[in-house]
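The residues making up each chain are set out below.
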Amino acid sequence: QVQLVESGGGLVQAGGSLRLSCAASGRAFSSYAMGWFRQAPGKEREFVAVIKWNGGSTYYADSVKGRFTISRDNAKNTVYLQMNSLKPEDTAVYYCAADRVYPVMRASGYDYWGQGTQVTVSS
């Protein structure tokens, strides 16, 4: 089993940057693909990015491509989401998730979830 805890959210102006972290505990973090999702009020949870267990491959949603970067440090059991050029439409609760299958872009495909961290981008 894997426990996930996100951090790094906050309030930022449009055009600014934030880096989210997701710390994992439990066994075999390096055997899990890690994804980031987000959910805005009244909307479904949507895929943002995913990274392979060894960090050798990534996928991004079109809406964040070129602005967000997912990375991981298996020695620290942590996955990151660097978010640059933030827009008001990026405002959401951001979740990290873990699954042994890669790549998975559906929220329903993930076995483990964190509690989420709020990101608010003001215009």
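Here, every reference points to the structure presented above.
Note that the coordinates shown come from a computational prediction; the quantities given were computed from them, not determined experimentally.

**A look at the overall build of the chain**
Here is step 1: Secondary structure assignment for the chain yields zero helices and 11 strands.
Here is step 2: Ordering the α and β elements of the chain from the N terminus gives β-β-β-β-β-β-β-β-β-β-β.
Here is step 3: Taking 123 residues into account, the globule formula puts the C-alpha radius of gyration at 14 Å, and the chain, at 13 Å, falls close to it.
Here is step 4: When its C-alpha atoms are laid out on the principal axes, the chain stretches across 40 × 30 × 25 Å.
Here is step 5: Of the side chains in the chain, 13 bear a positive and 9 a negative charge, and the two mean positions are spaced by 5 Å.

**Regarding the side chain of E6**
Here is step 1: Tracing the sequence through the fold places E6 in strand β1 (residues 2-7).
Here is step 2: A distance of 2.8 Å separates the side chain of E6 from the backbone nitrogen of C96, its partner in a polar contact.
Here is step 3: A polar contact of 2.9 Å, which involves the side chain of E6, links it to the backbone nitrogen of G116.
Here is step 4: Setting aside residues no more than four positions away along its own chain, E6 makes contact with S21, C22, W36, Y94, Y95, C96, G114, Q115, G116 and T117.

**Here we look at the nonpolar core**
Here is step 1: Ranked by size, the top nonpolar core spans 37 residues in total, and within it M34, W36, L81, M83 and Y94 carry the most contacts.
Here is step 2: Those elements that provide at least two residues to this core are β1, β3 (18-26), β4 (33-39), β5 (46-51), β7 (68-73), β8 (78-83), β9 (92-99) and β11 (117-122).
Here is step 3: In contact with L81, other than residues within four places in its own chain, are L18, R19, L20, W36, V48, A49, F68, T69, I70 and Y94.

**Section: the state of the cysteines**
Here is step 1: Counting across every chain of the model gives one disulfide.
Here is step 2: Note on cysteine connectivity: C22 is disulfide-linked to C96, with sulfurs 1.9 Å apart. Taking the torsion about the sulfur-sulfur bond, which here is approximately 55 degrees, the covalent link between C22 and C96 counts as right-handed. Remark: C96 occurs in strand β9 and C22 occurs in strand β3; sequence separation between them is 74 residues.
Here is step 3: Relative accessible area serves as the criterion here: at 0%, C22 is assigned to the buried category.
Here is step 4: Since its relative accessible area comes to 0%, C96 is described here as buried.

**Digging into the sheet that holds β1**
Here is step 1: Across the sheet, which stays open at both edges, the four strands sit in the order β1-β3-β8-β7 with antiparallel pairing between neighbours. For this open sheet the edge positions go to β1 and β7, each flanked by a neighbour on one side alone. Looking at each pair of strands side by side, their axes are set apart by 15 degrees on average, direction ignored.
Here is step 2: Across six bridges, the pairing between β3 and β8 is antiparallel.

**A short note on the environment of S57**
Here is step 1: Checked against the element boundaries, S57 lands in the loop between β5 and β6 (58-60).
Here is step 2: On the basis of relative accessible area, S57 is assigned to the partly exposed category, the value being 22%.
Here is step 3: Note: C-alpha distance between S57 and P103 (46 residues apart in sequence) is 9.0 Å.
Here is step 4: For S57, the contacting residues outside a window of four places in its chain are V50, I51, K52 and Y102.

What counts as what
- Residues numbered from 1 in each chain as written.
- Predicted model: local features only at pLDDT ≥ 70, side-chain atom pairs only at ≥ 80, totals over all residues.
- Heavy atoms only, no water.
- Helix = DSSP H or I, 4+ residues; strand = E, 2+ residues; numbered from the N terminus.
- Rg over C-alpha atoms; globule rule 2.2 N^0.38 Å.
- Lys, Arg positive; Asp, Glu negative; His and termini not counted.
- Charge placed at Lys NZ, Arg CZ, Asp CG, Glu CD.
- Polar contact = N/O pair within 3.5 Å; in protein donor to acceptor, adjacent residues only side chain to side chain.
- Contact = heavy atoms within 4.5 Å.
- Core = buried A, V, L, I, M, F, W, Y, C linked by side-chain atoms within 4.5 Å.
- Buried < 20%, exposed > 50% of the residue type's maximum accessible area, 1.4 Å probe, protein only.
- Disulfide = S-S within 2.5 Å.
- Pairing = 2+ DSSP bridges.
- Axes fitted to C-alpha atoms, helices over the stretch in contact; angles between N-to-C directions.

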